[in-house]
Amino acid sequence: MTKLSVNINKIATIRNARGGNNPNVVQVAKDAEQFGAQGITVHPRPDERHITTQDVYDLKEVVTTEYNIEGYPDERYLKLIEEVRPAQATLVPDPPHVLTSNAGWDTQKHEGFLKEVISHINSLGVRSSIFVEPNEKHVEGAKEVGTNRIELYTEMYATGYESSPEKAIADYKAAAAKANALGLGINAGHDLDLTNLKYLVQEIPYIDEVSIGHALVCDALYYGLENTIQLYLRELR
Ligand SMILES: CC(=O)[C@@H](O)[C@H](O)COP(=O)(O)O
Ligand SMILES: NCC(=O)COP(=O)(O)O
């Protein structure tokens, strides 16, 4: 069954708006796990606009499910991975000031760099995953660079879903089938929500994990965090 990792970046965004500790990111992570989340994801960006470096260390002490840290593998990120040793490190190729993640890795172009970084991460006993677009060549390249998993960047799927779910999923099915045949684990994330999640996992049932943040936190404003997590888990059953 596909696991749900709750991305709590947006909880930190709300906290940072007033500079205090409300909502408490650590408590939200603990509660999310108690409400059924099977993982906690954070993406500590260099400008600390939501998750801070301190949050990453504080969360290490409380996350009992699967701790997933996303980010561009610069010196700062790799230091965090070395010191925190999360369950999973997800490498994302985004430059420092983008609004949100906006591309997957070109695994051919960055082959040498990725090989070096991934072999270091794997040697720490941390599972590696790299964010990729649904492109079979990039999936083949992912296998070459030694990553344990890929994370399919689902923004294009989410955008296309409303007009044609079949068209929107086609490239993802092909990329996932390729990854599966190559023995890579498969995660997925970005802009997944209660309208598009079920179809994704119905069509690609061997997705190991989805990480969901923005829509889930927005839904929690209406339904509460506990109900919302249950609603997302229901889509994954
Ligand atoms: C890697 C990825 O897909 C992103 O969704 C990311 O984790 C979200 O980051 P922001 O919350 O900063 O938009
Ligand atoms: N890896 C994707 C993620 O963690 C959450 O993305 P989003 O749901 O905030 O778009």
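Higher on the page you've got the structure.
Residues numbered from 1 in each chain as written. Chains lettered and ligands numbered in written order. Predicted model: local features only at pLDDT ≥ 70, side-chain atom pairs only at ≥ 80, totals over all residues.

(A) Representation of helix H8 (residues 165-181) in the model. Under the 1.5 Å per step criterion, the end-to-end length of H8 is 24 Å for 17 residues, consistent within 8% with the ideal 24 Å. Of all bends in H8, the biggest is about 25°, found at Asp171. All of the buried residues in H8 are Ala168, Ile169, Tyr172, Ala175, Ala176, Lys178 and Ala179. Check the buried side of H8 and you find it contacts helix H6 (136-145), strand E6 (149-153), helix H7 (155-161), strand E7 (185-189) and helix H9 (197-203). One or two positions beyond H8, positive phi appears at Gly183, with a value near 80°. (Helix = DSSP H or I, 4+ residues; strand = E, 2+ residues; numbered from the N terminus. Expected span 1.5 Å × (residues − 1). Bend = angle between axes of the 7 residues up to and from the residue. Buried ≥ 20, exposed ≤ 12 C-beta atoms within 10 Å, placed from the backbone. Contact = placed C-beta atoms within 7 Å.)

(B) Fine view of the packing of H6 against H8. Contact pair H6 / H8: the axes reach a minimum separation of 9 Å and the direction vectors enclose 25°. On the basis of their axis angle, the class for H6 and H8 is roughly parallel. Between H6 and H8 the crossing geometry is right-handed. Two secondary-structure elements touch here, H6 through Glu136, Val139 and Glu140 and H8 through Ala174, Ala175, Lys178 and Ala179. (Axes fitted to C-alpha atoms, helices over the stretch in contact; angles between N-to-C directions. Parallel < 35°, antiparallel > 145°, perpendicular 65-115°, else oblique. Left-handed = near helix turned anticlockwise from the far one by under 90°.)

(C) Molecular detail of the sheet that holds strand E4 (residues 88-91). Judged by pairing direction, the barrel is parallel, and its 8 strands sit side by side in the order E1-E2-E3-E4-E5-E6-E7-E8 before closing back on the first. Adjacent strand axes in the sheet meet at a mean angle of 25° when their direction is disregarded. As judged from the 4 bridges shared by strand E5 (residues 127-132) and E6, these two strands associate in the parallel manner. Pairing of Phe131 across the sheet is with Glu151, part of E6. On top of the sheet, helix H3 (residues 53-60) reaches strand E2 (39-42) and strand E3 (66-71); it is set at about 165° to E2, its chief contact. (Pairing = 2+ DSSP bridges.)

(D) Broad picture of the site of ligand 2. Close to ligand 2 lie 13 residues; Asn7, Gly189, Ser211, Gly213 and His214 are nearest. Sorting the residues of the shell around ligand 2 by element identifies strand E8 (209-212) and helix H10 (214-223) as the ones contributing at least two each. (Near = placed C-beta within 6 Å.)

(E) Summary view of the site of ligand 1. Surrounding ligand 1, one finds Asn7, Asn9, His43, Arg45, Glu70, Val92, Thr100, Ser101, Phe131, Gly189, His190 and Gly213. In terms of residue class, the shell around ligand 1 is made up of 2 nonpolar, 8 polar and 2 charged. (Nonpolar A, V, L, I, M, F, W, Y, C, P; charged D, E, K, R; others polar.)

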